[in-house]
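Structural overview
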There are 2 protein chains.
Amino acid sequence: MPPIAADAAPIILGVVGDSAAGKSTLSGGIAAILGHDRVAMLQADDYHRYCRAERRRIGVTALDPDGNHIDILEQHLCLLRQGQPILKPVYDHVHGVLAAPERLEPKPFVIVEGLLAYHTRGLRDCFDVKVFVEPDEDLRTRWKLARDCAERGYTADLVRQSLDRREADSIAHIQPQRTFADIVVRFAPAAEHPDEAGAGLNVRHLLRPTLPHPDLGPVLDAGGKNGFHLALARDSDGKPVDVLDISGRIDGRRAKAVEDLLWSLIPEASHLRAPLGRFTDIQGKASISHPLALSQLLITYHLVKAALAAFRDQGTR
Amino acid sequence: MPPIAADAAPIILGVVGDSAAGKSTLSGGIAAILGHDRVAMLQADDYHRYCRAERRRIGVTALDPDGNHIDILEQHLCLLRQGQPILKPVYDHVHGVLAAPERLEPKPFVIVEGLLAYHTRGLRDCFDVKVFVEPDEDLRTRWKLARDCAERGYTADLVRQSLDRREADSIAHIQPQRTFADIVVRFAPAAEHPDEAGAGLNVRHLLRPTLPHPDLGPVLDAGGKNGFHLALARDSDGKPVDVLDISGRIDGRRAKAVEDLLWSLIPEASHLRAPLGRFTDIQGKASISHPLALSQLLITYHLVKAALAAFRDQGTR
């Protein structure tokens with residue numbers, strides 16, 4: 001990859017979706033490929049306006065735009081885009097409180113994970129690549145139970161109550177952002193393995209024509225039997241999309257062929273090649289998923305392409 | 001005063017000087033005249049980079065630019081100037097710790113009090129009126145002892161140690177900002193009352209030609225005997241200045257005549273007229289000082305003039 005000029009605008013990726021939709025797992029691998037020294041991670045949850053106790057008292061959920069400093073998030077993204085550092089707020093998920101802010105220095109890439117990061121036009125305009133994650137809803141419940149009990153000090157009952165309390169806000173505020181994404185990523189168990197929650201999950205990508213997606217022709221199946229399939233379809237909103245399905249049963253050789261193809265399309269970044277698809281399963285065990293790896297690589301492809309385009313634009317200024 | 005358009009750039013006053021130089025007392029009265037709903041107060045101390053314990057461990061004082069987020073302060077002032085809200089950091093002086101940030105909405109006037117708010121060109125460019133306060137050094141020590149022991153939980157010994165530790169940084173970083181001020185305000189006891197620390201203090205103003213100062217002719221003394229005196233002089237840096245002295249012994253009738261003159265020069269703001277010069281003396285008692293009142297009114301005059309000029313400019317855009 002070419003050196004990135006210090007004053008170049010960062011390439012900004014959004015990973016938006018509901019609580020426990022897999023945002024951090026998806027983006028963690030992408031940051032690892034690009035190199036943690038080249039990536040600034042921004043959690044939009046840090047822009048919560050109230051601590052957990054205040055939210056309960058006021059009756060506002062973390063999913064409600066009014067419960068978040070949306071305008072400040074937008075301001076901070078604009079500043080990062082201009083290459084300026086920010087002093088960003090900090091929300092402490094373990095204790096549910098607002099903490100002292102921290103400096104975030106701009107880096108060549110910024111990954112923004114959040115519930116509401118596509119809520120305004122101003123926010124959406126900041127992103128180079130917009131991903132929306134919407135796993136199967138039963139799967140998301142299992143992921144949320146596993147995470148919130150293990151890492152955030154909730155009981156299973158509290159998590160279920162929280163999911164109930166948030167449902168209306170999810171429909172009102174989170175799901176409408178799906179339409180703005182360039183790529184919608186949906187992890188789901190195969191019909192014959194409904195309890196699958198890890199490496200065996202299938203992943204479906206809606207590839208909207210808002211980004212120039214790579215030509216996957218050389219590795220596509222005709223018959224859809226070997227775990228990697230692309231088809232033209234209409235999205236639930238009626239818009240035309242490409243649907244790229246990757247099966248949780250894809251074999252390692254086949255997955256590697258797809259990886260090889262994607263890396264070959266961004267030769268400038270080939271030195272970054274590293275193992276992908278790592279995740280922690282709901283038992284807390286480190287594991288690897290081929291569909292996750294390919295999903296991460298597909299998104300990384302777009303980030304590298306955007307960085308190269310920005311570098312070329314800069315050369316011609 | 002004319003209504004101020006919602007999208008008008010705020011008028012920004014800086015009150016800069018060393019610790020316990022009287023910044024808050026001076027600016028508190030100005031904010032009271034303008035109306036607290038029309039004034040956003042920004043304490044630059046909130047931009048300390050480290051908590052008290054970290055500063056001690058690292059060996060950096062609060063007066064050192066490296067111990068402060070100077071660039072973020074500059075960024076936030078620019079944003080306020082554009083009429084944008086900010087999420088500003090908070091330094092808790094009582095416990096010496098960094099706390100959760102708070103929103104600050106832009107208002108027609110912003111008063112910035114701080115140690116280092118004129119440290120960079122970018123900062124200085126944000127201000128409409130720049131005041132530097134430099135009381136007599138013995139007086140400042142007495143003020144600092146009274147405040148830090150009463151409000152910030154220090155002992156007298158700790159305050160003296162802190163003054164010693166900070167002296168080099170004060171010379172290196174605070175005092176060089178004096179040259180950028182439009183008005184330098186110096187409270188000092190008269191030679192015959194060296195222990196005076198309150199209402200009887202004299203005040204000297206250096207009025208630099210960087211602002212159009214009001215014509216004080218109608219109330220000036222020829223002989224300098226009745227407590228209000230203007231003279232052309234050279235500043236310690238050799239530059240020409242007007243020196244306006246107000247005596248702590250000025251009588252109430254005379255002080256009122258000066259007040260009347262200044263208010264008559266800004267008739268648009270006459271409805272704001274209110275008692276000025278309030279302060280808390282070193283015994284903690286509420287008191288009134290004529291020199292303080294006149295100092296506050298002189299600065300307010302410039303803020304009102306700047307607001308009127310901005311309003312006129314806007315009308316002709």
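Before reading further, recall that the structure is shown in the block above.
Reading the values: the criteria
- Residues numbered from 1 in each chain as written.
- Chains lettered and ligands numbered in written order.
- Predicted model: local features only at pLDDT ≥ 70, side-chain atom pairs only at ≥ 80, totals over all residues.
- Heavy atoms only, no water.
- Least-squares fit on C-alpha atoms with pLDDT ≥ 70 in both.
- Contact = heavy atoms within 4.5 Å.
- Buried area = accessible area lost by both parts, 1.4 Å probe.
- Salt bridge = Lys/Arg side-chain N within 4 Å of Asp/Glu carboxyl O.
- Polar contact = N/O pair within 3.5 Å; in protein donor to acceptor, adjacent residues only side chain to side chain.
- Helix = DSSP H or I, 4+ residues; strand = E, 2+ residues; numbered from the N terminus.
- Buried < 20%, exposed > 50% of the residue type's maximum accessible area, 1.4 Å probe, protein only.
- Pairing = 2+ DSSP bridges.

Turning next to the relation of the copies chain B and chain A. When chain B is fitted to chain A, the best match, at an RMSD of 0.0 Å, comes from turning it 180° and sliding it 0.0 Å along the axis. The two molecules are tied by a two-fold rotation axis, judged by turn and shift. The position closest to the rotation axis in chain B is occupied by the C-alpha of Ala100 of chain B, lying 2.1 Å away. When the interface residues of chain B are mapped onto chain A, 100% of them again lie at the interface, so the same face is used by both copies.

In this assembly, 16 residues from chain B lie in contact with 16 residues from chain A. It is Gln75, Leu87 and Arg103 of chain B in chain B that bury the most area against chain A; as a group they hold 39% of the surface buried on that side. Here chain B and chain A share 2 salt bridges between them. With a closest N to O distance of 2.7 Å, Asp71 of chain B and Arg103 of chain A form a salt bridge. Our count for the contact surface shared by chain B and chain A stands at 8 residue pairs in polar contact (both at pLDDT 80 or more). Residue assignment for the side of chain B that touches chain A shows that the elements contributing at least two residues are α3 (70-81), β3 (86-92) and β4 (97-104) of chain B. When residues in the side of chain B that touches chain A are grouped by element, the largest group, 5 residues, is from β4 of chain B.

Moving on: unusual backbone geometry. Located in the positive-phi region is Ala20 of chain A, a residue other than glycine, with phi close to 65°. Relative to the helices and strands, Ala20 of chain A resides in the loop between β1 (11-17) and α1 (23-34).

Side-chain positions along a regular strand alternate between the two faces of the sheet. Residue and element names in this part refer to chain B. Burial of strand β7 (residues 183-188) is extensive: 5 of the 6 residues sit out of reach of the surface. Summarising the sheet, strand β6 (residues 129-133) and β7 pair through 3 bridges and their orientation is parallel. Directly across from Val131, in β7, lies its bridge partner Ile183.

Before going further, it helps to examine the side chain of Thr61 of chain B. Residues and elements named next belong to chain B. Position of Thr61 among the secondary structure elements: in the loop between α2 (52-58) and α3. Residue class for Thr61 comes out buried when judged on its relative accessible area of 10%. Of note is the side chain of Thr61, whose polar atom sits 3.0 Å from the backbone nitrogen of Leu63. When neighbours within four sequence positions are excluded, Thr61 is seen to be in contact with Arg55, Arg165, Arg166 and Asp169.

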